[in-house]
Amino acid sequence: MSKKIHLISFQIHSPINHTVLSWAAPGDNRLEAMADLKKWQDLARTLERGMFDGLFFADTPGVFDRYRDSHEDAVKYGVCWPSHDPVVLLSALAASTTHLGLAATMSTTSYKPWSIVRQLSTVDYLSGGRVGWNIVTGHLRGEHRAIGYKDVMEHDRRYDAADEFMEVCYALWDSIGEGAILADRENGVYADPSKVKFVDYHGEFFNCETVGPVLPSAQGRPVLFQAGTSGRGLKFGIEHGDVVFSIQPNLPGMMRYMGQLRDAAAEIGQPAPGVVFGIQPILGGTEEEAKRNLDELIERMPLDACLARLSGTMGVDFAGIDLDKPMQEQKTNASQGLMKAFTSVLGDRPFTLREVAQKWGLSVGMPQLVGTPEQVADQMEHIWRETGCHGFNMTPNVMPTSIETFVDEVVPILQKRGIYRTEYEGTTFRENLELA
Ligand SMILES: Cc1cc2nc3c(=O)[nH]c(=O)nc-3n(C[C@H](O)[C@H](O)[C@H](O)COP(=O)(O)O)c2cc1C
């Protein structure tokens, strides 16, 4: 268990984060932010004022195209479409902050190892070691189709390819050895070639012949995040993740996940990485007001938009399936882990398809913590203590007010309880996350 709760703000560079039609909520500024860098910089400064560890961008490249075998519902309702590139935001946000970690999702399907190492490590180096990478294998058919594949690669084979992808990345990150850079002005020698290892990698999926393209940053290389929850995904997360993300519908699901991760880590013979659970705080001045705020979000969501999001993540077209029967597990090459988590719910009756669609529309299944600032702080502390997790990946609802309210009203309560930092401990993302 971490010494303190760690907080990451979960964002998407699109009209919504995870709440369908949040862009239409009164006062939401996301549509303006998409065209105004300053609004993103303001958000990053708010998170830094709230001592967040980081701002993390998920990414849904391509478009959700499974529901009714069409992209139309995703486009009509702006369900993570358009999907602007998150990586280009990182350097602007690094320039407007000094401590905040900045992480982006990049898929091992869409990129090559060299391009990811070069892009992310450049910002990591420039920012003094504040960058993170959420390694995803790319589970969306829309992403595959956009770059020229007919369909998603088979689930476990995607992870095999991603293992190789990582071998190349590590070789590139390790290429520039200690003492390699001389920067000797007098003799005009920049580096000692004997200390720069040539990467000569030939695998089943990737080839790479070059030297490391970017200098090691203050934290060496970016912090690695991973969020696979299937058996194969857990193994990959343990082997490569510094921190793993998980979405579970409730506390029993979180406890089950912690057990599965511990068992899988023991089997591999490695320590389990820290776990960050997704949550969605819904605040109000009173409990009743918070519940009303939640109801307003739910009332705004068109069911077709929720189903478009759910069908995309699960890789299954849910059109024409009885909405009021328990959702059944189906074979998928998309997210097997999330499919299992929501079709084998613990501590509750099974969810109907309509309920899961609504949970997806609200927060992609992240549980809502609803109440006054004190009640939300209680729920966070309870989950942290019960599960022994590292912290939370928090998705907002209305932007940026739900984050500002959290920073102004919940953060001071957590600080007073001694379970949240009052100043940054280090300068790098890795140090602040208690990984160094
Ligand atoms: C918290 C969380 C965040 C995720 N973010 C992304 C993302 O931004 N882009 C993406 O393509 N997949 C994302 N995923 C999907 C996973 O990385 C993973 O690819 C997917 O769940 C399939 O793996 P599995 O079958 O092993 O669970 C996320 C999953 C979770 C739980």
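- As recorded in an unreviewed UniProt entry, the protein goes by the name N5,N10-methylene tetrahydromethanopterin reductase, listed as coming from Novosphingobium indicum.
- Looking at the Sequence similarities (unreviewed entry) heading of the UniProt record, one finds this comment for the protein: "Belongs to the NtaA/SnaA/DszA monooxygenase family."

## Comments concerning helix α5 (residues 113-126)
Here's step 1: Across its 14 residues, α5 extends 20 Å between first and last C-alpha, which sits within 8% of the 20 Å expected from 1.5 Å per residue.
Here's step 2: When we look at burial in α5, the residues that qualify are P113, I116, V117, L120, S121, V123 and D124. Summarising the axial view, the buried residues of α5 lie within an arc of 160 degrees, below the 170-degree limit, and thus occupy one face.
Here's step 3: Buried residues along α5 sit against α4 (87-95), β3 (101-107), β4 (131-136) and α7 (155-173).
Here's step 4: A positive backbone phi angle near 75 degrees is found at G128, which sits one or two residues after α5.

## Some details on the site of the ligand
Here's step 1: Contacts to the ligand come from 20 residues, most closely from D59, H155, Y159, S230 and S335.
Here's step 2: D59 places a main-chain nitrogen or oxygen 2.7 Å from a nitrogen atom of the ligand.
Here's step 3: Taking T229, its main chain carries an N or O atom lying 2.8 Å from an oxygen atom of the ligand.
Here's step 4: In isolation the ligand offers 620 Å² of accessible surface; the protein chains occlude 96% of this area.
Here's step 5: Of all the elements in the fold, those that place two or more residues in the shell around the ligand are β4, α7 and α12 (336-343).

## Quick look at the pattern of salt bridges
Here's step 1: Under the criterion given, the structure shown has 26 salt bridges.
Here's step 2: Put simply, D408 and R49 hold a salt bridge, and the shortest N to O gap is 2.7 Å. Note that D408 is positioned in helix α15 (residues 401-416) and R49 in helix α2 (residues 37-49), a separation of 359 residues in sequence.
Here's step 3: By relative accessible area, which is 44% here, D408 ends up partly exposed.
Here's step 4: Note on R49: relative accessible area 48%, which makes it partly exposed.

## Comments concerning the packing of aromatic side chains
Here's step 1: Using the criterion set out here, one finds 15 aromatic pairs in the structure.
Here's step 2: Ring plane angle 70 degrees and centroid distance 5.9 Å describe the contact between Y257 and F277, whose orientation is recorded as edge-to-face. Of the two residues, Y257 is situated in helix α9 (residues 251-268) and F277 in strand β11 (residues 274-283); the sequence distance between them amounts to 20 residues. For the pair shown, Y257 and F277 are each scored as buried.
Here's step 3: Ring geometry for F342 and W360: centres 4.9 Å apart, planes at 85 degrees, overall edge-to-face. With F342 in helix α12 and W360 in helix α13 (residues 353-363), this residue pair connects regions lying 18 residues apart in the sequence.

## Comments concerning the UniProt feature "domain: Luciferase-like" (unreviewed entry) in the protein
Here's step 1: Taking the UniProt record as the reference, the feature "domain: Luciferase-like" (unreviewed entry) is found at residues 28-390.
Here's step 2: What you have in residues 28-390 is 44% helix and 16% strand, and the ends, taken at the C-alpha atoms, are 30 Å apart.

## Digging into the nonpolar core
Here's step 1: Counting residues in each nonpolar core, the largest one holds 75 residues, and the members touching the most others are L7, F52, L55, W133, M380, F392 and F406.
Here's step 2: It is α7 that provides the largest number of residues to this core, a total of nine residues.
Here's step 3: Within the second largest apolar cluster, 51 residues are counted, among which are F56, A58, V356 and V364.

## Re the pairing of strand β13 (residues 391-394)
Here's step 1: Relative to β13, strand β1 (residues 6-12) runs parallel, the two sharing four bridges. Paired with S9 across the bridge in β13 is M394.
Here's step 2: Where β11 and β13 come together, four bridges link them in parallel fashion. Following the sheet pairing, F277 is matched in β13 by F392.

## Describing the packing of α2 against α15
Here's step 1: Close contact between α2 and α15 brings their axes to 9 Å; oriented N to C, the two are set at 20 degrees. The orientation of α2 with respect to α15, classified from their angle, is roughly parallel. Judged by the sense of rotation from one axis to the other, the crossing of α2 with α15 is left-handed. Of α15, the residues touching α2 (which contributes L43, T46, L47 and R49) are I403, E404, V407 and D408.
Here's step 2: A per-class count over the contact of α2 with α15 returns four nonpolar, one polar and three charged.

Calculation rules
- Residues numbered from 1 in each chain as written.
- Predicted model: local features only at pLDDT ≥ 70, side-chain atom pairs only at ≥ 80, totals over all residues.
- Heavy atoms only, no water.
- UniProt positions renumbered as here; feature names shortened; annotations may be inferred.
- Helix = DSSP H or I, 4+ residues; strand = E, 2+ residues; numbered from the N terminus.
- Expected span 1.5 Å × (residues − 1).
- Buried < 20%, exposed > 50% of the residue type's maximum accessible area, 1.4 Å probe, protein only.
- Arc of directions from axis to C-beta.
- Contact = heavy atoms within 4.5 Å.
- Near = heavy atom within 4 Å.
- Polar contact = N/O pair within 3.5 Å; in protein donor to acceptor, adjacent residues only side chain to side chain.
- Areas by Shrake-Rupley, 256 points an atom, 1.4 Å probe, with all protein chains shown as cover.
- Salt bridge = Lys/Arg side-chain N within 4 Å of Asp/Glu carboxyl O.
- Phe/Tyr/Trp six-rings, centres within 6.5 Å; stacked < 30°, edge-to-face > 60°.
- Core = buried A, V, L, I, M, F, W, Y, C linked by side-chain atoms within 4.5 Å.
- Pairing = 2+ DSSP bridges.
- Axes fitted to C-alpha atoms, helices over the stretch in contact; angles between N-to-C directions.
- Parallel < 35°, antiparallel > 145°, perpendicular 65-115°, else oblique.
- Left-handed = near helix turned anticlockwise from the far one by under 90°.
- Nonpolar A, V, L, I, M, F, W, Y, C, P; charged D, E, K, R; others polar.

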